[in-house]
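A look at the structure
Each chain, written out:
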Amino acid sequence: WFYDADPFVTGKFGGDIQWSANIEYPPEDTSTLFTWTIIYLGSWREAIEELQSTGLLDKDLFDILYFPMDRTDDAVLVENYEVLCTQSESCVQFEDTPGATHVSPLQEQEEVPDPSIQAVQFNTYAEAQIFKMCIGALFSGAFDISNTSGDFCEDLNIDNEKCTDGLLRVPKSCIDKDVIDAMLTA
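Quick notes on the rules
- Residues numbered from 1 in each chain as written.
- Predicted model: local features only at pLDDT ≥ 70, side-chain atom pairs only at ≥ 80, totals over all residues.
- Heavy atoms only, no water.
- Core = buried A, V, L, I, M, F, W, Y, C linked by side-chain atoms within 4.5 Å.
- Buried < 20%, exposed > 50% of the residue type's maximum accessible area, 1.4 Å probe, protein only.
- Helix = DSSP H or I, 4+ residues; strand = E, 2+ residues; numbered from the N terminus.
- pLDDT = per-residue confidence, 0-100.
- Contact = heavy atoms within 4.5 Å.
- Disulfide = S-S within 2.5 Å.

Section: the nonpolar core
Counting residues in hydrophobic clusters, the biggest one holds 26 residues, and the most contacted among them are Val120, Phe131, Phe139, Ile158 and Met183. At the level of elements, β4 (75-79), α3 (125-135), α4 (152-156) and α5 (177-185) are the ones that each hand at least two residues to this core. In terms of residues, this core owes the most to one element, α3, which gives 5 residues. Among the nonpolar cores identified, the runner-up in size contains 12 residues, and Ile48, Leu51, Val76 and Phe94 belong to it.

Here we look at the confidence of the model for the protein chain
Atom-level detail of predicted coordinates should not be read off regions where pLDDT is low. In the predicted model, the protein chain carries a mean pLDDT of 75, and the fraction of residues at 70 or more is 66%. Across the protein chain, the secondary-structure element scoring lowest on mean pLDDT is strand β1 (residues 15-25), at 57, and the one scoring highest is α5, at 96. Considering only residues more than four positions removed or in separate chains, one finds that residues 10-14, a stretch of pLDDT under 50, has 25 contacts.

Section: the state of the cysteines
Here, disulfide denotes a covalent bond that connects the sulfur atoms of two cysteines. Tallying each qualifying case throughout the model produces 3 disulfides. Disulfide pairing is shown between cysteine 153 and cysteine 163; the S-S distance is 2.0 Å. In this structure, the disulfide formed by cysteine 153 and cysteine 163 twists by about -115° around the S-S bond and is classed as left-handed. Taken as a pair, cysteine 153 in helix α4 and cysteine 163 in strand β9 (residues 163-164) lie far apart in primary sequence, 10 residues in all. When its relative accessible area of 1% is taken as the criterion, cysteine 153 is described as buried.

And the structure:
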């Protein structure tokens, strides 16, 4: 039934959302920053609606701070490898989704709402899981979780133009279909 349903209601199987909340604990008045990255088995719209209805995007409880995921360029909303909006442009898709935007507490001007989440949606759970590996520890030098030469691009047969050099040679972007496909077939 996943593939017969309206994709804007259900049927999108996998995705990733990340948001951060700055929580103060009296009496010390210290702040702790929580960053949650979740996989939601549904569309990005459904995920935001669920987070909103459960109070996890409650702006009276949390200062919602935007921190982009690693290796996602400046994309804010990605649906099946298509970047729908970026940090440098207005995200029209979020405007009709309660909880998807807010005014940052770090922002002096309150004219333009910032996205409070970054969402990357895929059609399959496997793609979503590989994406999580791509933005996570796999390419950060955690050699104990992989068997690599240190050149992940060569190991995965990823085109040189899609890679960056550093301590490790890794893909530039985890929202690139070729990168996800190379990881899926490895």
